[in-house]
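Examining the three-dimensional arrangement
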Amino acid sequence: MKARPAHQITRRNATRLLAGTLLSGIGAPSLTSRIALAEPQPAALNAADTAFLEEMERQACLYFYEQADPSTGQVLDRANNRTGNGQMDSRFVSSIAATGFGLTALCIADSRRYLPADRIRRRVLATLQFHLRPMPTEHGFYYHFNDVKTGLPLLNIEVSPIDTAILLCGILTCRAHFKDPKIADLATQIYNRIDWPWMLNGGKTFALGWLPATGFLTQRWDHYAEMMMLYLLAIGSPTHPIDPSSWSSFSRPRVRFSSFNFISGHDPLFIHLYSHAWFDFYRKRDAFADYFNNSVTAVRAHKAFCLSLNRGYTEDYWGLTASDWMHGYTAWGGPPLMGPIDGSVVPCATAGSLPFLTRDCLRVLRSLKDKYGEYAWGRYGPCDALHPSLSWYDADVLGIDLGISLLMAENLRTGFVWKTFMQNPEAANAMKLAGFRSY
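Thresholds, definitions, all that
Residues numbered from 1 in each chain as written. Predicted model: local features only at pLDDT ≥ 70, side-chain atom pairs only at ≥ 80, totals over all residues. Heavy atoms only, no water. pLDDT = per-residue confidence, 0-100. Contact = heavy atoms within 4.5 Å. Salt bridge = Lys/Arg side-chain N within 4 Å of Asp/Glu carboxyl O. Helix = DSSP H or I, 4+ residues; strand = E, 2+ residues; numbered from the N terminus. Buried < 20%, exposed > 50% of the residue type's maximum accessible area, 1.4 Å probe, protein only. Polar contact = N/O pair within 3.5 Å; in protein donor to acceptor, adjacent residues only side chain to side chain. Phe/Tyr/Trp six-rings, centres within 6.5 Å; stacked < 30°, edge-to-face > 60°. Lys NZ or Arg CZ within 6 Å of the ring centre and 35° of its normal. Core = buried A, V, L, I, M, F, W, Y, C linked by side-chain atoms within 4.5 Å. Axes fitted to C-alpha atoms, helices over the stretch in contact; angles between N-to-C directions. Left-handed = near helix turned anticlockwise from the far one by under 90°. Nonpolar A, V, L, I, M, F, W, Y, C, P; charged D, E, K, R; others polar. Expected span 1.5 Å × (residues − 1). Parallel < 35°, antiparallel > 145°, perpendicular 65-115°, else oblique.

With that out of the way, let us pick up the confidence of the model for the protein. Here the protein averages 92 in pLDDT, and 90% of its residues register 70 or above. Segment residues 1-39 is flagged for pLDDT under 50; beyond a separation of four residues in sequence, or across chains, it makes 88 contacts in the model.

Okay, here's the thing in structure tokens:
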């Protein structure tokens, strides 16, 4: 296989590459002993918490409706958060993952009556029809970034299995929620045509992607990350399944930090969040772990890690994951330390972790709005990142970061996404084939 030119590295690839190269030799700091055993603690929401989350969800849903092309349904990768009228951003890059979050957002908007039901249904139908055809695909997989109006992939952009999986989670959520024969037919056609074994490229783990000019990327989804949904969707495919033994083919390395011990790659926090937005792992385990509890531990460890850095983080101000920063886009977080952590905070780190550490995450989010709302909050909710000490507040929001915040806020409040998505028989069957059992 040919080497991949540097200019073909996309944002997600960069995240994974940085994760492997920017590891620090930082040792575990001497923190007060903390409870490492992660058992989720249900948190009752008071009226103020509920009102805060309601407004945050409503704003996020507005992004996925306003910043999507009405003909193709594709959602912009990013947009200005300081717009006053909701006019579509002039940038043209859509993200297939943001569109997957967006389809789920339309289900939430329908459930909560944020928008008229007939407009939502028309948008869902237009999106599914365009993504069935004429949206370009390769063996049913989609390109990572595309032109929002034409659907044509950007130059040198990879066909991405993980971003296809995120899109498919949104599509299947629509199929389960709307119970509309036309939506169900389109969604089923899109799922059933994906040739999952092709993306294995003869191996036991998925390739990171595929490029028309050079073929499969050499990197693979071979260690624990956000890709549990990718393997489960492939195992559960009714037409092109992969062998369930593939579930045991990726490694599950462990990270030890202070008293915390959990499964993780050297990756940003979002890897512990994304699959949990749709698949319900609560009180289920396979031969290796209880992944819900593992994410609880990962979030607790991340908070302790931030507070240990002496870079301005407090109980009211912590949380990092891949995001914008003052100098562009970066993959940062820990433990272990990765990226140029400078005291910035990324709201989607705590918003996406709401079901795992509710009280602590709500405290951060409400504090950010109370202290910096005028600067950090816009039409679609919190900006992507901020560094108040340097008077820097990102003007943009990112679709995937708003998306994980929205879905996890809704899951915290009602479990709506979990309950809806898991109505798809393929999801439950895949977890059974992978060896999950409830307890």
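Oppositely charged side chains may form a pair once their charged atoms are brought near each other. This structure, assessed with the given rule, holds 21 salt bridges. When the shortest N-O distance is used, the salt bridge between Glu 66 and Arg 379 registers 2.7 Å. Taken as a pair, Glu 66 in helix 2 (residues 47-66) and Arg 379 in the loop between strand 13 (377-378) and strand 14 (381-382) lie far apart in primary sequence, 313 residues in all. Residue Glu 66 is classed as buried on the basis of its relative accessible area, which comes to 18%. Residues Lys 303 and Asp 360 are paired through a salt bridge, measuring 2.5 Å at the closest nitrogen-oxygen approach. Of this pair, Lys 303 sits in helix 10 (residues 291-307) while Asp 360 is found in helix 12 (residues 358-376), placing the two residues 57 residues apart along the sequence. Residue Lys 303 is classed as buried on the basis of its relative accessible area of 8%.

A word on the side chain of Thr 72. Along the chain, the position of Thr 72 falls in the loop between helix 2 and strand 1 (78-80). Side-chain polar atoms of Thr 72 contact the backbone nitrogen of Gln 74, separated by 3.1 Å. A polar contact of 2.8 Å, which involves the side chain of Thr 72, links it to the backbone oxygen of Val 148. If sequence neighbours within four positions are ignored, Thr 72 has contacts with Ala 126, Thr 127, Phe 130, His 131, Val 148 and Lys 149.

This next bit is on the packing of aromatic side chains. Per the counting criterion, the structure on display carries 30 aromatic pairs. Arranged with centres 5.1 Å apart and planes meeting at 70°, the rings of Tyr 282 and Phe 292 form a pair that is edge-to-face. Within this pair, whereas Tyr 282 is found in the loop between helix 9 (274-278) and strand 10 (284-285), its partner Phe 292 is found in helix 10, the two being separated by 10 residues in sequence. Residue classification places Tyr 282 among the partly exposed residues on the basis of a relative accessible area of 32%. Directly above the aromatic system of Tyr 65 lies the positively charged group of Arg 123, at a separation of 4.1 Å from the ring centroid. The ring of Phe 288 has Arg 252 sitting right over it, with the charged end atom 3.8 Å from the ring centre.

Turning our eyes to something else, we now look at the nonpolar core. Counting residues in each nonpolar core, the largest one holds 154 residues, and the members touching the most others are Trp 196, Phe 206, Leu 233, Trp 247, Trp 278 and Phe 279. Excluding its chain neighbours within four sequence positions, the residues that come into contact with Phe 206 are Trp 196, Met 199, Leu 200, Arg 220, Trp 221, Leu 230, Tyr 231, Ala 234 and Ile 242.

With that out of the way, let us pick up the environment of Tyr 231. Positionally, Tyr 231 belongs in helix 8 (residues 228-235). For the pair Tyr 231 and Ser 275, spaced 44 residues apart in sequence, the C-alpha separation works out to 10 Å. Setting aside residues up to four positions removed in sequence, Tyr 231 forms contacts with Lys 204, Thr 205, Phe 206, Trp 221, Ile 242, Ser 246, Trp 247 and Phe 250. A polar contact is formed between the side chain of Tyr 231 and the backbone nitrogen of Phe 206, at a distance of 3.0 Å.

Further remarks concern the packing of helix 3 (residues 96-111) against helix 13 (residues 399-413). Close contact between helix 3 and helix 13 brings their axes to 9 Å; oriented N to C, the two are set at 35°. When you trace helix 3 past helix 13, the crossing you get is left-handed. Along its contact with helix 3, which presents Ala 97, Ala 98, Phe 101, Thr 104, Ala 105 and Ile 108, the element helix 13 presents Gly 399, Ile 400, Gly 403, Ile 404, Leu 406, Leu 407 and Glu 410. Classifying every residue of the contact of helix 3 with helix 13 gives nine nonpolar, three polar and one charged.

What follows is about helix 4 (residues 117-132). Counted at 1.5 Å a residue, the expected span for helix 4 with its 16 residues is 22 Å, and the 23 Å between its end C-alpha atoms agrees. Within helix 4 the residues assigned to the buried category are Ile 120, Arg 123, Val 124, Leu 125, Thr 127, Leu 128, Phe 130, His 131 and Leu 132.

Right, let's talk about unusual backbone geometry for a bit. With omega at 20°, the peptide bond leading from Arg 133 into Pro 134 counts as cis. Turning to its location among the elements, Pro 134 is positioned in the loop between helix 4 and strand 3 (137-138). Positive phi, normally seen in glycine, also occurs at Asn 201, with a value near 50°. In this structure, Asn 201 sits in the loop between helix 7 (196-200) and strand 6 (210-211).

The next subject is helix 13. In a regular helix each residue adds 1.5 Å, so 15 residues correspond to 21 Å; helix 13 covers 21 Å between its end C-alpha atoms and thus fits that length. In terms of burial, helix 13 is a largely internal element, 14 of the 15 residues being buried. Where helix 13 ends, the next residue or the one after it, Gly 415, has phi of about 70°, a positive value.

A few words on the packing of helix 3 against helix 5 (residues 161-178). Taken N-terminus to C-terminus, the directions of helix 3 and helix 5 make an angle of 20°; their axes are 6 Å apart at the nearest point. Comparing the axis directions of helix 3 and helix 5 gives the class roughly parallel. The hand of the helix 3/helix 5 crossing is left-handed. Touching Ile 96, Ala 97, Thr 99, Gly 100, Phe 101, Leu 103, Thr 104, Leu 106, Cys 107, Asp 110 and Ser 111 of helix 3 are Asp 163, Thr 164, Ile 166, Leu 167, Gly 170, Ile 171, Thr 173, Cys 174, His 177 and Phe 178, all from helix 5. Along the lines of polarity and charge, the residues of the contact of helix 3 with helix 5 split into 11 nonpolar, eight polar and two charged.

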